[in-house]
Amino acid sequence: MRARIARFARAGGGTAVIAMAARVSGQLAMVAVTLVATRHLAPADFGVFAIAGALVMLARTMLYTGPFEYLLKLPHDASQPQGAGACLAATLVVAAGWIALLVALGLAAPFVFRGGGVAPVILALAPSVLLGALAAFAESLMLRSGAVRRYYAITVFAEVGTGLAAIALLAAGWGLWALVMQIYVRTLLMALALGALGPPLALAAPPRALVAEVLRWSASRFGSVFVTFLANYSGDLVLGVVLSPAASGLYRAANRMVTALADMFVQPAGMLALTSLAADRARGEGEGRPGAWPRLGALFAVIGWPALALLALFAHRIVPLALGPAWSAAAPVVAVFCIARMAALVAAVATAELVVTDRQGKVLAVQTVAAIATAGLTVLAAPYGAFGAALAATCVALLAATALALTALQHRDRPGLAEAARLVLLPLVGAFGAALAADRAFGASAPLVALALPLACAAAGWLLAAWPVIPALRRAAALLSERPSPA
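Residues numbered from 1 in each chain as written. Predicted model: local features only at pLDDT ≥ 70, side-chain atom pairs only at ≥ 80, totals over all residues. Heavy atoms only, no water.

1. Quick word on the overall build of the chain
At step 1: A tally of helices and strands in the chain yields 18 helices and 0 strands.
At step 2: Residue pairs at least 24 apart in sequence account for 85% of intrachain contacts in the chain once pairs closer than 6 positions are excluded.
At step 3: Total accessible area on the chain stands at roughly 19300 Å², and carbon and sulfur atoms take up 73% of it. (Helix = DSSP H or I, 4+ residues; strand = E, 2+ residues; numbered from the N terminus. Contact = heavy atoms within 4.5 Å. Areas by Shrake-Rupley, 256 points an atom, 1.4 Å probe, with all protein chains shown as cover.)

2. Looking at the packing of aromatic side chains
At step 1: All told, the structure shown has 3 aromatic pairs when counted by the stated rule.
At step 2: For the pair Tyr70 and Trp217, a centre-to-centre distance of 5.6 Å together with 75 degrees between the ring planes defines the contact as edge-to-face. Linking Tyr70 in helix α3 (residues 67–73) with Trp217 in helix α9 (residues 208–242), this pair joins segments that are 147 residues apart in sequence. Each member of the pair, Tyr70 together with Trp217, is buried.
At step 3: Here Tyr151 and Tyr152 contribute two aromatic rings whose centre-to-centre distance is 4.7 Å and whose plane-to-plane angle is 65 degrees, an arrangement assigned as edge-to-face.
At step 4: The exposure class assigned to Tyr152 is buried, which follows from its relative accessible area of 1%. (Phe/Tyr/Trp six-rings, centres within 6.5 Å; stacked < 30°, edge-to-face > 60°. Buried < 20%, exposed > 50% of the residue type's maximum accessible area, 1.4 Å probe, protein only.)

3. Some words on unusual backbone geometry
At step 1: Of note, Asp358 is a non-glycine position whose phi angle comes to about 60 degrees, a positive value.
At step 2: Looking at the secondary structure, you find Asp358 in the loop between α13 (331–356) and α14 (360–381).

4. Some thoughts on the environment of Ala434
At step 1: Mapped onto the secondary structure, Ala434 falls in helix α16 (residues 414–442).
At step 2: Its relative accessible area of 22% is what places Ala434 among the partly exposed residues.
At step 3: Excluding residues that lie within four positions of it along the chain, Ala434 makes contacts with Cys457, Ala458 and Gly461.

5. Things to note about the packing of helix α11 (residues 292–313) against helix α17 (residues 447–466)
At step 1: The N-to-C vectors of α11 and α17 enclose an angle of 155 degrees; their axes lie 12 Å apart at closest approach. For the element pair α11 / α17, the angle class is roughly antiparallel. Seen along the crossing, α11 lies across α17 with a hand that is right-handed. In contact with Val302, Ile303, Pro306 and Leu310 of α11, α17 contributes Leu455, Ala458 and Trp462.
At step 2: Residue composition of the contact of α11 with α17, by class: 7 nonpolar, no polar and no charged. (Axes fitted to C-alpha atoms, helices over the stretch in contact; angles between N-to-C directions. Parallel < 35°, antiparallel > 145°, perpendicular 65-115°, else oblique. Left-handed = near helix turned anticlockwise from the far one by under 90°. Nonpolar A, V, L, I, M, F, W, Y, C, P; charged D, E, K, R; others polar.)

6. Let's talk about the side chain of Arg317
At step 1: Position of Arg317 relative to the elements: it lies in helix α12 (residues 315–323).
At step 2: Apart from the residues lying within four places of it in its own chain, the contact partners of Arg317 are Asp439, Gly443, Ala450 and Leu451.

7. Notes on the pattern of salt bridges
Side chains carrying opposite charge are able to pair once their charged atoms draw close together.
At step 1: Within this structure, the stated rule accounts for 5 salt bridges.
At step 2: Here Glu159 and Arg186 are joined by a salt bridge, their closest N and O atoms 2.9 Å apart. Of this pair, Glu159 sits in helix α7 (residues 148–171) while Arg186 sits in helix α8 (residues 176–197), and the two are 27 residues apart along the sequence. With respect to burial, Glu159 and Arg186 carry one shared label: buried.
At step 3: Residue Asp263 is joined to Arg341 by a salt bridge in which the shortest nitrogen-to-oxygen separation is 2.7 Å. Of this pair, Asp263 sits in helix α10 (residues 245–282) while Arg341 sits in helix α13, placing them 78 residues apart in sequence. The exposure classification of Asp263 matches that of Arg341, with both residues buried. (Salt bridge = Lys/Arg side-chain N within 4 Å of Asp/Glu carboxyl O.)

8. Some words on the packing of helix α5 (residues 118–125) against α8
At step 1: Running from amino to carboxyl end, α5 crosses α8 at an angle of 20 degrees, the nearest separation of the two axes being 10 Å. One element, α5, and the other, α8, form an angle in the roughly parallel class. Crossing of α5 against α8: the hand is right-handed. On α8, the residues touching Pro120, Val121, Ala124 and Leu125 of α5 are Leu176, Trp177, Val180, Ile183 and Tyr184.

9. Brief notes about a nonpolar patch on the surface
At step 1: On the surface, Leu92, Leu130 and Leu134 cluster together to form a nonpolar patch covering roughly 240 Å² of accessible area.
At step 2: Mapped onto the secondary structure, Leu134 falls in helix α6 (residues 128–144).
At step 3: Relative accessible area serves as the criterion here: at 43%, Leu134 is assigned to the partly exposed category. (Patch = residues over 30% accessible without salt bridge, like charges linked within 9 Å, V, L, I, M, F, W, Y side chains within 5 Å.)

10. So, the confidence of the model for the chain
At step 1: In the predicted model, the chain carries a mean pLDDT of 81, and the fraction of residues at 70 or more is 84%.
At step 2: Element-level mean pLDDT values for the chain span from 62 in helix α1 (residues 2–40) up to 91 in α13.
At step 3: Per-residue pLDDT stays below 50 along residues 1–11; that stretch engages in 12 contacts with residues further than four places along the chain or on separate chains.
At step 4: Low pLDDT, under 50, characterises residues 482–487; the stretch is placed with 21 contacts to residues that sit more than four places away or in other chains. (pLDDT = per-residue confidence, 0-100.)

11. A look at the environment of Leu71
At step 1: As for its placement among the helices and strands, Leu71 is situated in helix α3.
At step 2: In this structure, the C-alpha to C-alpha distance between Leu71 and Leu143, residues 72 residues apart in sequence, is 9.8 Å.
At step 3: When sequence neighbours within four positions are dropped, the list of residues in contact with Leu71 reads Ala84, Cys87, Phe137, Ser140, Leu141 and Arg144.

Structural data, given as structure tokens:
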């Protein structure tokens, strides 16, 4: 039995490491593009892209929910070709609707946002949603087949390729349009690679009733995406309306810097939790393994939370070095966003559990309240600039993550929750405590020394504190080892 658990841990741990490594490469590419962009674009130009990019991001995120998740849950039986066809048709319907809406928003932009330039960027990005629909469908097929490692290899290829393309265009003087082209290049590469390397495609013309069923099932998930968008991007939009695109640029640059680190853990945690838990259901395992989702979250939080805590602690030193002295005002915004992204990891795995167990309506309810609260508090906090907007969003994110976790938690999950808490808290306290002590000792040194030594001490503290929880890490990694069989 112990040998079997060890094999499972090796397989599942390898999947988790590959997922995080893929996100590392992608986020490093995004950081590199951001660093180059902040030196070629003024905050106002960066803010224009932040506003337009946020609206297009909403449209593209819609394609990675609803039919995308419905396809993951389909049983492996003779009905699959029609079910896959229905999911593709539903995805294309959603994409067409969003392209039309983005065109309308682009035409209305000059009357809504202060300053110019938002409208042409929205209109230029709108057609990319169709490419995104094809990429999302191909991605769902690949994940459903169990080829998670291949999926992340493709992601690395696309992220690094588009990052290099964007940097080259920025250096060539394309300015804001380099970021627009980056979105097109990435979406095209993902669609082509996923389609070429994905599983054999078995489609059958679906009846309209089945397409309508997929859309009905997806309605609450679309609502969840919309309200999550309001929670995540209220700051960009409200600051652009109330103050200026420059304030939006400061807010988005700080958010992107934190996201570059956090998404190395949050995105794999949510995606692998959804894939693993959905595989249990597709195999007919009822409610799945007790305590699975807290342990899956802890597997990623054991590294992600200490990393975010250290970024918050040293933001006042890292931000000027990374973005340049002109962006120093973003440091407190970065520190606040680190707390929000720690909560986002909990929300990601709890949401996966609720979706797989057909409780997505509860996700929508929590996220609707959170979105309304975020939008309202952001309007009130907008006069205090980017920091006020970030603080409002973070307070709501903490409450929303707590509500989702409590909703997902069942009695059978409590032992897994206790183990997950122990797994995460020891390394977090070890890393943060060692960094804080070293900062007090070496804080007056040269800037690079005052940053490098505390980070080295934090790494040592993390290793010492993580050693006792290695068995719990192996049990959590074992949950990722059982993949669904290819269809």
